[in-house]
Number of protein chains: 4
Amino acid sequence: MPAFTLAGLYSHTRATTAALAAPLSDADATAQSMTEASPAKWHLAHTSWFFETMVLKAGLPSYQEFHPQFDYLFNSYYESIGERHARPQRGLLTRPSLDEVRAYRTHVDDAMTRMLAQLASHDQSEFAKLIELGCHHEQQHQELLLTDILHLFAQNPLRPAYHELEPPLAQPSSTPTPLNYTAYEGGLVTMGHDGSGFAFDCETPAHPVYVQPWRLANRLITNAEWQEFMADGGYQNPLLWLSDGWAYAQQAQWQAPAYWQHDPQEGWCSMTLAGMQPLNPAAPVCHISLYEADAFARWAGARLPTEAEWETVARAAPLQGNFAGSGFLRPLPAPPLTQDHPAQLFGDVWEWTSSAFSPYPGFRPEPGAVGEYNGKFMSGQYVLRGGSCVTPDHHTRATYRNFFVPSARWQFTGVRLAMDAA
Amino acid sequence: MPAFTLAGLYSHTRATTAALAAPLSDADATAQSMTEASPAKWHLAHTSWFFETMVLKAGLPSYQEFHPQFDYLFNSYYESIGERHARPQRGLLTRPSLDEVRAYRTHVDDAMTRMLAQLASHDQSEFAKLIELGCHHEQQHQELLLTDILHLFAQNPLRPAYHELEPPLAQPSSTPTPLNYTAYEGGLVTMGHDGSGFAFDCETPAHPVYVQPWRLANRLITNAEWQEFMADGGYQNPLLWLSDGWAYAQQAQWQAPAYWQHDPQEGWCSMTLAGMQPLNPAAPVCHISLYEADAFARWAGARLPTEAEWETVARAAPLQGNFAGSGFLRPLPAPPLTQDHPAQLFGDVWEWTSSAFSPYPGFRPEPGAVGEYNGKFMSGQYVLRGGSCVTPDHHTRATYRNFFVPSARWQFTGVRLAMDAA
Amino acid sequence: MPAFTLAGLYSHTRATTAALAAPLSDADATAQSMTEASPAKWHLAHTSWFFETMVLKAGLPSYQEFHPQFDYLFNSYYESIGERHARPQRGLLTRPSLDEVRAYRTHVDDAMTRMLAQLASHDQSEFAKLIELGCHHEQQHQELLLTDILHLFAQNPLRPAYHELEPPLAQPSSTPTPLNYTAYEGGLVTMGHDGSGFAFDCETPAHPVYVQPWRLANRLITNAEWQEFMADGGYQNPLLWLSDGWAYAQQAQWQAPAYWQHDPQEGWCSMTLAGMQPLNPAAPVCHISLYEADAFARWAGARLPTEAEWETVARAAPLQGNFAGSGFLRPLPAPPLTQDHPAQLFGDVWEWTSSAFSPYPGFRPEPGAVGEYNGKFMSGQYVLRGGSCVTPDHHTRATYRNFFVPSARWQFTGVRLAMDAA
Amino acid sequence: MPAFTLAGLYSHTRATTAALAAPLSDADATAQSMTEASPAKWHLAHTSWFFETMVLKAGLPSYQEFHPQFDYLFNSYYESIGERHARPQRGLLTRPSLDEVRAYRTHVDDAMTRMLAQLASHDQSEFAKLIELGCHHEQQHQELLLTDILHLFAQNPLRPAYHELEPPLAQPSSTPTPLNYTAYEGGLVTMGHDGSGFAFDCETPAHPVYVQPWRLANRLITNAEWQEFMADGGYQNPLLWLSDGWAYAQQAQWQAPAYWQHDPQEGWCSMTLAGMQPLNPAAPVCHISLYEADAFARWAGARLPTEAEWETVARAAPLQGNFAGSGFLRPLPAPPLTQDHPAQLFGDVWEWTSSAFSPYPGFRPEPGAVGEYNGKFMSGQYVLRGGSCVTPDHHTRATYRNFFVPSARWQFTGVRLAMDAA
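The structure presented is a predicted model; accordingly, all values stated were derived computationally and were not measured. (Residues numbered from 1 in each chain as written. Chains lettered and ligands numbered in written order. Predicted model: local features only at pLDDT ≥ 70, side-chain atom pairs only at ≥ 80, totals over all residues. Heavy atoms only, no water.)

Side note on the relation of the copies chain B and chain C
Expressed as a screw transformation, the operator carrying chain B onto chain C has a rotation angle of 180° and an axial translation of 0.0 Å, and the superposed copies differ by an RMSD of 0.0 Å. Each copy turns onto its partner about a two-fold axis. In this assembly the copies share their binding face: 100% of the residues contributing to the interface of chain B also contribute to that of chain C. (Least-squares fit on C-alpha atoms with pLDDT ≥ 70 in both. Contact = heavy atoms within 4.5 Å.)

A word on the packing of aromatic side chains
Aromatic rings in a pair are described by how distant their centres are and how their planes are angled relative to each other. All names here are of chain A. Tallied over the entire structure, the rule returns 129 aromatic pairs over all chains. Taking the centre distance of 5.4 Å and the plane angle of 65° together, the rings of F229 and F296 count as edge-to-face. Separated by 67 residues along the polypeptide, F229 in helix α6 (residues 223-231) and F296 in helix α8 (residues 290-299) bring together distant segments of the chain. Relative accessible area serves as the criterion here: at 0%, F229 is assigned to the buried category. (Phe/Tyr/Trp six-rings, centres within 6.5 Å; stacked < 30°, edge-to-face > 60°. Helix = DSSP H or I, 4+ residues; strand = E, 2+ residues; numbered from the N terminus. Buried < 20%, exposed > 50% of the residue type's maximum accessible area, 1.4 Å probe, protein only.)

A look at the relation of the copies chain B and chain A
In this structure, two copies of a chain are linked by a rotation about an axis accompanied by a shift along it. Structural alignment of chain B on chain A gives an RMSD of 0.0 Å, achieved by rotating through 180° and translating 0.0 Å along the axis. Residue by residue, 100% of the interface of chain B is reproduced at the interface of chain A, so both copies engage with the same surface.

Comments concerning the interface of chain B and chain A
The interface is formed by 28 residues belonging to chain B together with 28 residues belonging to chain A. Between chain B and chain A, the buried area comes to about 2200 Å², and carbon and sulfur atoms account for 61% of it. Of all residues in chain B, L92, R95 and L158 of chain B give up the largest surface area on contact with chain A, accounting jointly for 30% of the area buried on that side. Taken together, the links from chain B to chain A amount to 2 salt bridges. Here D28 of chain B and R95 of chain A are joined by a salt bridge, their closest N and O atoms 2.6 Å apart. Put simply, chain B and chain A have 8 residue pairs in polar contact (both at pLDDT 80 or more) between them. Of all the secondary structure elements, the ones that give two or more residues to the side of chain B that touches chain A are α3 (70-74) and α5 (126-154) of chain B. When grouped by side-chain class, the residues that make up the side of chain B that touches chain A number 13 nonpolar, 12 polar and 3 charged. (Buried area = accessible area lost by both parts, 1.4 Å probe. Salt bridge = Lys/Arg side-chain N within 4 Å of Asp/Glu carboxyl O. Polar contact = N/O pair within 3.5 Å; in protein donor to acceptor, adjacent residues only side chain to side chain. Nonpolar A, V, L, I, M, F, W, Y, C, P; charged D, E, K, R; others polar.)

A short note on the domain arrangement of chain A
Residue and element names in this part refer to chain A. The assigned domain composition of chain A is domain 1 (3-154) and domain 2 (181-420). Put simply, the middle of domain 1 and the middle of domain 2, counted by C-alpha atoms, are 27 Å apart. On the domain 2 side, the residues contacting the 29 residues of domain 1 number 26 residues. Summed over the three residues of domain 1 that lose the most area to domain 2, namely Y77, E143 and L150, the buried surface amounts to 27% of that side. (Domains from an automatic or database assignment.)

Overview of the sheet that holds strand β11 (residues 382-385) of chain C
All names here are of chain C. Spatial strand order, β12-β11-β10-β13: 4 strands in an open sheet with mixed pairing. The strands lining the two open edges of the sheet, one partner per strand, are β12 (402-404) and β13 (413-414). Sheet topology places β11 next to β12; 3 bridges connect them, and they run antiparallel. The residue of β12 that forms the bridge with L384 is N402. (Pairing = 2+ DSSP bridges.)

Quick look at the environment of Q227 of chain D
Mapping Q227 of chain D onto the fold places it in helix α6 (residues 223-231). In this structure, Q227 of chain D is in contact with W260, W268 and L279 of chain D, ignoring residues within four places of it in sequence.

Some words on the confidence of the model for chain A
Confidence in the prediction for chain A averages 94 pLDDT; 96% of positions are at 70 or higher. Scored as a complex, the prediction yields pTM 0.96 and ipTM 0.95. (pLDDT = per-residue confidence, 0-100.)

Topic: the pattern of salt bridges
All names here are of chain A. Scanning the entire structure with this criterion turns up 80 salt bridges over all chains. Across the pair E225 and R219 runs a salt bridge whose closest N-O atoms are separated by 2.8 Å. Here E225 matches R219 in class, with each residue buried. Taking the shortest distance from any N to any O, the salt bridge between R298 and D294 comes out at 2.9 Å. You can see R298 and its partner D294 sitting in helix α8, 4 residues apart, about one turn around the helix. Here the salt bridges do not stand alone but share partners, grouping E307, E311, R315, R385 and R401 into one network.

Concerning the sheet that holds strand β1 (residues 181-184) of chain A
Residues and elements named next belong to chain A. Strand order in this open sheet of 3 strands is β1-β4-β14, and the pairing throughout is antiparallel. Since the sheet does not close on itself, it has two edges, and those belong to β1 and β14 (418-420), each with one partner. Each strand axis lies, on average, 25° off the axis of its neighbour in the sheet, ignoring direction. In terms of strand pairing, strand β4 (residues 214-217) meets β14 through 3 bridges, oriented antiparallel. Opposite R215, over in β14, you have M419 as the bridge partner. (Axes fitted to C-alpha atoms, helices over the stretch in contact; angles between N-to-C directions.)

What about the interface of chain B and chain C?
The interface of chain B with chain C comprises 28 residues on the first partner and 28 residues on the second. There are 2 salt bridges connecting chain B and chain C. For the salt bridge of R364 of chain C with D420 of chain B, the shortest nitrogen-to-oxygen distance reads 3.3 Å. Where chain B meets chain C, there are 6 residue pairs in polar contact (both at pLDDT 80 or more). For the side of chain B that touches chain C, the secondary structure elements donating two or more residues are β3 (207-211) and α7 (243-252) of chain B. Class assignment for the residues of the side of chain B that touches chain C results in 14 nonpolar, 8 polar and 6 charged.

Notes on the arrangement of the chains
Of all C-alpha pairs spanning chain A and chain C, none lies closer than 14 Å, and the two are not in contact. Chain D makes no contact with chain B, the minimum C-alpha separation between the two being 14 Å.

What about the packing of helix α1 (residues 6-21) of chain A against helix α4 (residues 98-118) of chain A?
All names here are of chain A. Across the interface, α1 lies against α4 with an axial gap of 11 Å and an inter-helix angle of 170°. Classed by the angle they form, the pair α1 and α4 counts as roughly antiparallel. Along its contact with α1, which presents L6, A7, Y10, R14, T17, A18 and A21, the element α4 presents R102, R105, V108, D109, M112 and L116. Across the contact of α1 with α4, the residue classes tally to 8 nonpolar, 1 polar and 4 charged. (Parallel < 35°, antiparallel > 145°, perpendicular 65-115°, else oblique.)

Examining unusual backbone geometry
Residue and element names in this part refer to chain A. Residue T204 is joined to P205 through a cis peptide bond whose omega torsion reads -5°. If you trace the backbone, P205 turns up in the loop between β2 (187-191) and β3 (207-211). The phi dihedral of H287 is positive, around 65°, even though this residue is not glycine. Along the chain, H287 turns up in the loop between β7 (275-278) and α8. Judged by its relative accessible area of 3%, H287 falls in the buried class. Its identity as a non-glycine residue notwithstanding, L329 has a phi of 55°, on the positive side. Turning to its location among the elements, L329 is positioned in the loop between β8 (321-322) and β9 (346-347).

Remarks on α4 of chain A
All names here are of chain A. Spanning 21 residues, α4 covers 30 Å between terminal C-alpha atoms, matching the ideal 30 Å at 1.5 Å per step. Every buried residue of α4 is accounted for by L98, V101, Y104, R105, V108, A111, M112, M115 and L116. Each buried residue of α4 sits inside an arc of 145° when the element is viewed along its axis, so together they form one side. In α4, the exposed residues that point more than 90 degrees away from the buried face are D99, T113 and A117. (Expected span 1.5 Å × (residues − 1). Arc of directions from axis to C-beta.)

In structure tokens:
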């Protein structure tokens, strides 16, 4: 990650968010396509609210609140801060307009500029830490803004495109990299963040874990492989599925990954940020739930990796991949493999693990309101690793823990297989 | 009603709709606040779709469809025309934009101008009848556009106003007109539309009905009277309510009419198209369900009028009142009474009757797709009469039958009492 | 109706109820198959509670309450009497046992015998009227006990039989009576009960109604005719249906009347109180909703009769038919027609009318708790006429108004067609 | 555990089940109080179905199926065996009667006696293993039969008792054992079952786990301590709760553990298998969800133990406690503590751990239908340890993993606290 100053990190993050929202109309930025998703306008405002509430109101005495009701409207889930607007109603806020929300951002940015000028560039004050957290928080919402817009546009029969396919896609590879497994020694490994550089609280503390010997696939599962699973009745065979997953799949009538649609001429297509596009068979399968990933793994005679297995491999690999900065905004086929590391560990798609999102031994939430950031979500969710093609550059890392409920499909989620040692 | 030519009726209607939507942003016009309501943009497009589908595609050979998917997106409920977009999803259509919908309207208007030029001004051809129907259809959607925007804005904690209070409201009258009942002779009366001028199919045929002698209140029930009902425990006493109504009221936690909110300083206020405003005690109570109207009547020792009772009185009264053209867009206190007729029969608020919406003897739906207009809704709904302060001028009449489910509150609905003869 | 004394009516009614419950096990009498149905044990207890609460506690000073909690457990919906057990929970009351409920009945019967001895046989006191009402109320529950047991047994894959087919069914007639329509003059007719003999409050007062000339079918629609409707796509064509009905039918996946099941060997069968039985093509179709009846009528180019039309014809016909006393407990093919009256007006199946259940002009609920008997249900329901094969003998009459929501199918409901005059 | 032969284990298990069902009426044994619970009759039949399907049909050629539809009715969730009756409908099976189900049990027992006579007493054949599994499976249903009956009786306002309080309860101790924590060394420990004696597949394989040093409470949390939590606003403070837990608690309106009810005279009481009884302040709190247990731990400045922490302590402790065989069927106050081990590790209440129910490294489900026994439930559930006062004697062990969703409260579930090393 480039050596940003705190002020540099702040201005870069804020500018990136604004650029991501640039293609959206007022209406695009207002609609909410499901309770789990939020309007783009809400993402723009909430990330500003975070700085206003956590930093400016407490740390900049001259700060004037932008609007007396925005504290109510744009608090996400912070019980310690107060009452808030009901999440399923976010899409009804046609006012404030997108322009007003942009004015709110400018208002906060102006104040933050003054605030940052008062802090030394590597200040370890509580406020410096909160500003850094606020930037990483906003990066998370950059990704959510894109996933939520995709979900919204996918509900629209006109299938709008968020962006043009620039740069053009690589041609589908007719000979994808063969799927192989690399063996790893077990034993005591270290898991979790060691404190150098930024990390979210849930990545800490670093701690020893004993793992058995295991094998990990050299690349992600592709669309072509997923179609084999479908052709073999994967969505019709309950014996492949977790009980909850089977019940969910039946009720939701899943027959393919989210956003897939079969066209008589084109064959299987998928809704993307560039509109409806033919599937690339060599690209990683995307928009699958944990339930589907798990069923696929069972069908393949494999299993999902644990967090510890994944992290151990990823710690040794270079932190590079197809992130949002590449501009593709879709997962790409695995590049030619080197001997050293599995491909696609970072970027492309978030990789479901078999690990429930739970606290590391010795985990302590941060004091204050930001203590609600991760800890209270440690039930009912699975950990995903590695980032995706809509994750901001420099946001993720080997210890990074993303988490979603096992039925979630609207994130850029895929599957990498693991096995016990032969 | 002024003697519009068909072309005049068309252009007046279309211009009025456009004017009503003028204060709305793209986002305002896109959001859908509940399944029963539709986005303003949808109203703008659907009314154009009606002309495109019912008139232009069939009757103007040169007509070029505006967009191949609009037939799917903007069909409301016409099974005979084909598949359509799911109603609860209308608010997710951020595209087409409001500007594109306006372009659609212009495209249709241009073609309609050509079409109308081909029809004699009083032509009784099938197309002339369909165009006239389309105009009255669009007038209905003008009213819905306003009721749906009010519902949307009422969900927003910022309580946006659709318009400024122009002209200024009359001061609350401290001495409202006393409530009295006029007695009417019973016997055989004629009900339904006789065919002179436009009417919807459900108003026909005219037919004799035998009614017992009855009495009808000289004005609508006021907000002050409603507060007496509330103060006397009207919302807490199940013995006043229909069984379904009590169950609904309990589940929905009704304690006052829709949009009412108690403010420590201001007392009872109500959300209006001019934002949150103090209640006028002399104005008619508004935004009540049939269930509430019926409970109030029982509490008052009275009952709701039947359709036949209401229509018999209204046929003899002048067709004038506080309609949308007045610009108030809110119900007003009853004017000083003349000796001749009950006040407020037309305009202000739709008056719930005790009559289920059912076919008149000999009712025949229109042939073709427009036969789905009214007949298929003849179950589960109650008839309302008289129009409201958001009903377009010249739209309603003594025989006009509006209908909603008994729990509906987002329309401008109120109550006039009736009694059996003394 | 035979000239029962009040004591005779009471003892006959109570003995009939006990006999109807005799084939049931404790478990059969306890289960509740859906919210709208009640356990047989509950019917047995509630009808006793009615006498205990309305008559004994008020009118027999020496009466000792049987159990302090039965007032809570067995109050159905009387808000004026107090709190009550939640209806959907009735099936969880494994205690009191069936034997205890029978002991409750005996306890009430003993006290009622003392009470009745104090009243003159034709006493018109308030208590005599309440006892008479209690007997007719219990007769209604006799019918419900049978309809609810059929629904319960229909949920059981073992398809238990409530009774053996005694006497044996008539052979299916291969030449059912041809369907014809009798014409009736319109004009002013009298509707409603004139006060001689017992009637429920909702049948009063008698009042004039103006009806247009009409025609009424000479018999009920048969299973064979219903199969023609099905074969012609009746369940697939939305243009035949009310909008609410179509939505309900799609959601509930209706493809045939309730309880019908297609067997590869037997063809269409239906669950009956004698277990699963082959359909008799000449017997009346049964277990259809108002929505289906209405769609069938539209398909057939006819309509449902109004209450007034049905009652006018029925007043002139003999009050006889296939009631529960016949022991068949299933609708039978129409007998050979005489010239005088349509067949099957009484008994076999309740006939859906197109009339919403609403108050007659001048309707006044009874004073006291029994005022909740009918009036508060006058919304959202349709009137049915004529009684069924599970209606007790001597229970119904020409003015009798039964009522159910338009989606109800578990009652013995069928269809007779009507038309406007040719 | 006593050295049962396989035949002895079978006959003892079957007789115990029959004895547990003895106090129930046919109706008691038929009702289903919620989807998650099953009727007692269903437990009686399903456990017999297990032997019939897994053992007799495959291994006893002379076996005659008892009833052709029981395979459909009493299959719980085995997709590989075939279609089955819908779980939420189990309470509608008033037939077969309880007597018929007992006859089914006898029929299976007779055949099993023949089958067992053909197997050597320590036979390691597949069938011997399946019979042993079937016995442990039936023991699980013995516990469920009691928890489900308690839930059913708790819905009944009459509050029936399943048994009399025999032997009489110990008096509430006014001086409960002080709560202390014992410290344990961390390091590599072994977790999971080593294969000697019976275990369920999910307990295997034994494997090393690295644990940090920790402390474990010397007894369970008591009712008196839970009341302190309540008095301190534990149910009103969202900051103590997991996000999912808070949402669930608000929606379900939790204010106290399940079955608690406040009586003006008696104070807090709780529904038990002996009916409604005053709370014993020194007894362990029971019928709490994981969400509540977790909130309590946070309030107490502690946390829940992990599976590994609990198992490590329990392996060293004697396998004894207050199980169902004691006849109390309710949790008891902690006995005087010895120096050696925490009290109440086994019996009294199942102890929630912070561990999600997930597969051990190297976990392999059993081949065949019994492979569906545990593995497919490894999502969305938390592990509980130690058994309860309604767990059969000799059923549980240190490696035993019970599992329920985090909102479940109708099991006998409680809380033991843990902490990181000081």
